[in-house]
Amino acid sequence: LDAFLHRNTSSSSSSSRAAAGVAGGGAAGMAVLAAAERAAKRHGKGGKGGKGEGPQLSFDPETAFKVLRSAGYAQHALFVAEQAEQPEWILDVLLEDMSSYTEALAFIGMLPRRQQAQALQRYGKLLIGAAPDDTTALLMALCMPGSDPLQQPGASAAAAADDKFTASVADYAQLYADRPTRLLYLCEFILFNSSEGDVPNEQQLYHTLLELYLAEQLVDHELQEATAGSAAEVAPQARRDKARDLLQRGWQPHMAQPKYDSEHALVLCRQHSYIPGLVLLYDKKRLHREVLAVHMEAGDYSSLISACIQYSDAAAGVGSRTLQHM
């Protein structure tokens, strides 16, 4: 089978797998590929291939690839996929037949950025389940702005456009249903490591992070299996403190409008009874009576009196309303 593949494959530069050979083979494999070649001739796909500089196969690579995979010849199918220069075929074999997750991630990382995004959308659930940290690291790079095309002289217009491509976290959030802490780290990395004014999908990042910070529980699947009960929990109070910092970061005093949807943030804070967030947002929106109402409902009289003093000049009647309530 090895000899058959090499004899019927011509390329200007042999791949590393071709040089090393592939394991397995035998009369059964030869019969499989012979059948593939016959099928190619029946469909008029045989011959010497195109005139390009890439590999030229004397048999139909798609037929050979499918037949080899179905017969269990994963290494040989991978060789055909590489010679045919088909990234999806290569990843199908590496992930579904060989479970070579590290090699698959390395291969994805060498693809153009748009192809990386497509591959991670297709295989992301499998990769995150097997190698969550490495897959998340690849997504971190893909969701951050790429290299500056101007720093790459001689790059084609297509290559320059691909280098500028930035993936959206929203396209991959559903992949982290069982690993929310990885999604939290991914969003934090992108938001806190991007240059001011150059944060991709900024509003979506704020919304996703706020929801994760306010979640009642945030436990990764493998941690839940390895530990019992609250030992697997990511400190909820620490996350709630981060939620307030996030709201402040996205709506600083010099900003006329926040970097997030304030109404959406209010809904999240109400759903999770997050009083510091409600107070901050109502204060930013100058809804002083709502601030007082939050403190009244919480029975926090110290904060209620402090708010009364703070808003006494801005909102008439707040003092009498507070006294009436007390």
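Calculation criteria
Residues numbered from 1 in each chain as written. Predicted model: local features only at pLDDT ≥ 70, side-chain atom pairs only at ≥ 80, totals over all residues. Heavy atoms only, no water. Phe/Tyr/Trp six-rings, centres within 6.5 Å; stacked < 30°, edge-to-face > 60°. Helix = DSSP H or I, 4+ residues; strand = E, 2+ residues; numbered from the N terminus. Buried < 20%, exposed > 50% of the residue type's maximum accessible area, 1.4 Å probe, protein only. Arc of directions from axis to C-beta. Contact = heavy atoms within 4.5 Å. Salt bridge = Lys/Arg side-chain N within 4 Å of Asp/Glu carboxyl O. 1 Å grid on protein atoms, 1.4 Å probe; cavity = no way out; pocket = protein on both sides within 12 Å on 5 of 7 lines; lining within 4 Å. Points joined across faces, edges and corners; volume = space filled by probe spheres on them. Nonpolar A, V, L, I, M, F, W, Y, C, P; charged D, E, K, R; others polar. Expected span 1.5 Å × (residues − 1).

### A short note on the packing of aromatic side chains
Part 1 of the reasoning: Summed over the entire model, instances satisfying the criterion amount to three aromatic pairs.
Part 2 of the reasoning: Between Phe65 and Trp89, the ring centres sit 4.9 Å apart and the planes meet at 15 degrees, which makes this aromatic pair stacked. Taken together, the residues Phe65 in helix α4 (residues 61-70) and Trp89 in helix α6 (residues 87-97) connect sequence positions 24 residues apart. Here Phe65 and Trp89 have matching classes, each one buried.
Part 3 of the reasoning: Seen from their ring centres, Trp251 and Tyr260 are 6.5 Å apart, and the 80 degrees between their planes marks the pair as edge-to-face.
Part 4 of the reasoning: Following the ring pairs from residue to residue traces out a cluster consisting of Tyr206, Trp251 and Tyr260.

### Quick notes on helix α7 (residues 101-109)
Think of an α-helix as 3.6 residues a turn; residues three or four steps apart then line up on the same face.
Part 1 of the reasoning: Burial in α7 covers these residues: Ala104, Leu105, Phe107 and Ile108. Looking down the long axis of α7, one finds its buried residues gathered within 160 degrees of arc, a one-sided arrangement.
Part 2 of the reasoning: In this fold, the buried residues of α7 make contact with α6, α8 (113-130) and α9 (132-142).

### Let's talk about the pattern of salt bridges
When the charged atoms of two side chains with opposite charge come close together, those side chains can pair.
Part 1 of the reasoning: One pass over the structure, following the stated rule, counts ten salt bridges.
Part 2 of the reasoning: Across the salt bridge formed by Arg122 and Asp92, the nearest N and O atoms sit 3.4 Å from each other. You can see Arg122 sitting in helix α8 and its partner Asp92 sitting in helix α6, a full 30 residues away along the chain.
Part 3 of the reasoning: Judged by relative accessible area, Arg122 falls into the partly exposed class, the value being 44%.
Part 4 of the reasoning: In this structure, Lys242 and Glu188 form a salt bridge, with 3.1 Å as the shortest nitrogen-oxygen distance. With Lys242 in helix α14 (residues 236-250) and Glu188 in helix α11 (residues 180-193), this pair connects stretches of sequence that are 54 residues apart.
Part 5 of the reasoning: The exposure class of Glu188 is buried, given its relative accessible area of 12%.
Part 6 of the reasoning: Each of Arg69, Glu96 and Asp97 takes part in a single network of salt bridges with overlapping partners.

### Notes on the layout of surface pockets
Part 1 of the reasoning: Within this model, the largest pocket holds a volume of roughly 200 Å³.
Part 2 of the reasoning: In terms of lining residues, the largest pocket is bounded by 14 residues, among which Arg244, Val279, Leu280, Asp283 and Tyr311 are the most central.
Part 3 of the reasoning: Of all the secondary structure elements, the ones that give two or more residues to the lining of the largest pocket are α14, α16 (275-284), α17 (288-298) and α18 (301-311).
Part 4 of the reasoning: In the lining of the largest pocket, the residues fall into six nonpolar, five polar and three charged.
Part 5 of the reasoning: Looking at the second largest pocket, the residues that line it are Cys269, Arg270, Ser273, Ile275, Leu278, Tyr282, Val294, Glu297 and Ala298.
Part 6 of the reasoning: For the lining of the second largest pocket, the elements supplying multiple residues, two or more each, are α15 (262-271), α16 and α17.
Part 7 of the reasoning: When the residues that make up the lining of the second largest pocket are grouped by side-chain class, the tally is six nonpolar, one polar and two charged.

### A word on α14
Part 1 of the reasoning: Look at α14: 21 Å from first C-alpha to last across 15 residues, which is about the 21 Å you get at 1.5 Å a residue.
Part 2 of the reasoning: Turning to α14, its buried residues are Arg239, Ala243, Leu246, Leu247 and Gly250. All buried residues of α14 project into a common sector of 95 degrees when viewed along the axis, lining one side.

Distances and angles like these do not, on their own, reveal function.
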